[in-house]
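Observations on the model geometry
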Amino acid sequence: GYYSSRYNISEDEKTGKPRSIKGVEPWKPINYLTAKEIASIMVQSKIVTSHLMYGAEYDTREKWVIESGAVTIEEIAKDSTKLGNYNDISLAKTGEDGCINNIYGFTGNVDEWTQEHIESFESFEYAIRGGSYTDVRPAHWRCYFGPDNRYNAGFRATLYIE
C-alpha cells in the first residue's frame, strides 16, 4: 500500500531539506521536474520509498475519502469550497486548511503536481490537481503544464511500503 503525506511538502529554511510538517508554508512555486526529484529522495530506506504522487493515487485517495463518508462526490467533483482554502486572499500554512481523514490541505490550499501526464504538441505535459487559494475549483480539477513551468503549485510525497 501507499500513504500520502499528511501535509503539502515544505522546505526547511535552514537545511533546504523537504519535509511534511504542520505550521509552515507549502513549497511553491515549484516545477514538475524539481517536485518529482525532491519527492523521490524524501525517504531513503530499504523498506519505504517515496515518490511524487501518481494520478491514479490521487484518484484512489479521492475515492477513499468519499467511500469513508468524510465527503460527498459532489464536494470533491463539483464544489469543494466548504472543504478548503478558497479565499482568493492568502496561502494557509500547512495544517491550517481543511483536514479530511487526517490529510490537510486536501481540497484547496495549493494545487499539487502529479505524475499524471498527456502527450501534447510532441512533448509531455503533467497534471496539476486540486483546488487552490488563488482559484475556486473543485478538488477533482486537473490541468496540464510543461515540466519546466513553475506555475503556482506545490506537491505531496507518496510513501510506498515495500
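Calculation criteria
Residues numbered from 1 in each chain as written. Predicted model: local features only at pLDDT ≥ 70, side-chain atom pairs only at ≥ 80, totals over all residues. Heavy atoms only, no water. Phe/Tyr/Trp six-rings, centres within 6.5 Å; stacked < 30°, edge-to-face > 60°. Helix = DSSP H or I, 4+ residues; strand = E, 2+ residues; numbered from the N terminus. Buried < 20%, exposed > 50% of the residue type's maximum accessible area, 1.4 Å probe, protein only. Pairing = 2+ DSSP bridges. Contact = heavy atoms within 4.5 Å. Axes fitted to C-alpha atoms, helices over the stretch in contact; angles between N-to-C directions. Salt bridge = Lys/Arg side-chain N within 4 Å of Asp/Glu carboxyl O. Patch = residues over 30% accessible without salt bridge, like charges linked within 9 Å, V, L, I, M, F, W, Y side chains within 5 Å. Areas by Shrake-Rupley, 256 points an atom, 1.4 Å probe, with all protein chains shown as cover.

This part takes up the packing of aromatic side chains. Within the structure shown, the criterion is met by five aromatic pairs. Here the aromatic rings of Tyr 32 and Trp 113 are separated by 5.9 Å at their centres, their planes lie at 65 degrees, and the arrangement is edge-to-face. Here the residue Tyr 32 occupies a position in helix 1 (residues 32–41), and Trp 113 occupies one in strand 7 (residues 111–120), the gap between them amounting to 81 residues. A single burial state applies to Tyr 32 and to Trp 113, both of which are buried. Plain terms: the ring middles of Tyr 32 and Tyr 126 are 3.7 Å apart, the flat faces sit at 10 degrees to each other, and that makes the pair stacked. Of this pair, Tyr 32 sits in helix 1 while Tyr 126 sits in strand 8 (residues 123–129), placing them 94 residues apart in sequence. Of the two residues, Tyr 32 and Tyr 126, neither departs from the other in class, the shared state being buried.

This next bit is on the sheet that holds strand 7. On the basis of which strands lie adjacent, the open sheet formed by four strands has the order 9-8-7-10 and mixed pairing. The sheet terminates laterally at strand 9 (142–145) and strand 10 (153–154), the two strands that pair on one side only. Lying over the sheet, helix 1 contacts strand 7 and strand 8, oriented at roughly 120 degrees with respect to strand 7. Packed onto the sheet, helix 2 (residues 55–67) meets strand 7, strand 8 and strand 9 and runs at close to 130 degrees relative to strand 7.

Before going further, it helps to spend a moment on the pattern of salt bridges. Enumeration over the complete set of coordinates arrives at eleven salt bridges. Between Arg 129 and Asp 59 there is a salt bridge, with the nearest N and O atoms lying 2.7 Å from each other. Taken together, the residues Arg 129 in strand 8 and Asp 59 in helix 2 connect sequence positions 70 residues apart. When its relative accessible area of 0% is taken as the criterion, Arg 129 is described as buried. For Asp 59, a relative accessible area of 31% gives the class partly exposed. With a shortest N-O distance of 2.8 Å, Glu 112 and Arg 156 are connected by a salt bridge. Taken together, the positions of Glu 112 in strand 7 and Arg 156 in the loop between strand 10 and strand 11 (157–161) put the pair 44 residues apart, joining distant regions of the chain. For Glu 112, a relative accessible area of 2% corresponds to the buried category. Through salt bridges with shared partners, a single ionic network connects Asp 59, Glu 62, Glu 116, Arg 129 and Arg 142.

Let us look at a nonpolar patch on the surface. Taken together, Tyr 3, Ile 47 and Ile 161 make up a surface patch of nonpolar side chains, about 320 Å² in accessible area. Within the element layout of this structure, Tyr 3 appears in strand 1 (residues 2–4).

Time to look at the sheet that holds strand 4 (residues 48–52). Strand order across the open sheet formed by three strands is 1-11-4, with antiparallel pairing between neighbours. With partners counted over all chains shown, the strands left at the sheet margins are strand 1 and strand 4, one partner each. Direction aside, neighbouring strands of the sheet carry axes that sit 25 degrees apart on average. In this sheet, strand 11 lies alongside strand 4 in antiparallel orientation, the contact comprising five bridges. Across the sheet, the residue bridging to Ser 50 is Leu 159, located in strand 11. With respect to the sheet, helix 1 is in contact with strand 4 and strand 11, its orientation differing from that of strand 4 by roughly 170 degrees. Relative to the sheet, helix 2 contacts strand 1, strand 4 and strand 11, its axis offset from that of strand 1 by approximately 80 degrees.

Everything listed here is a matter of geometry and, on its own, says nothing about what the molecule does.
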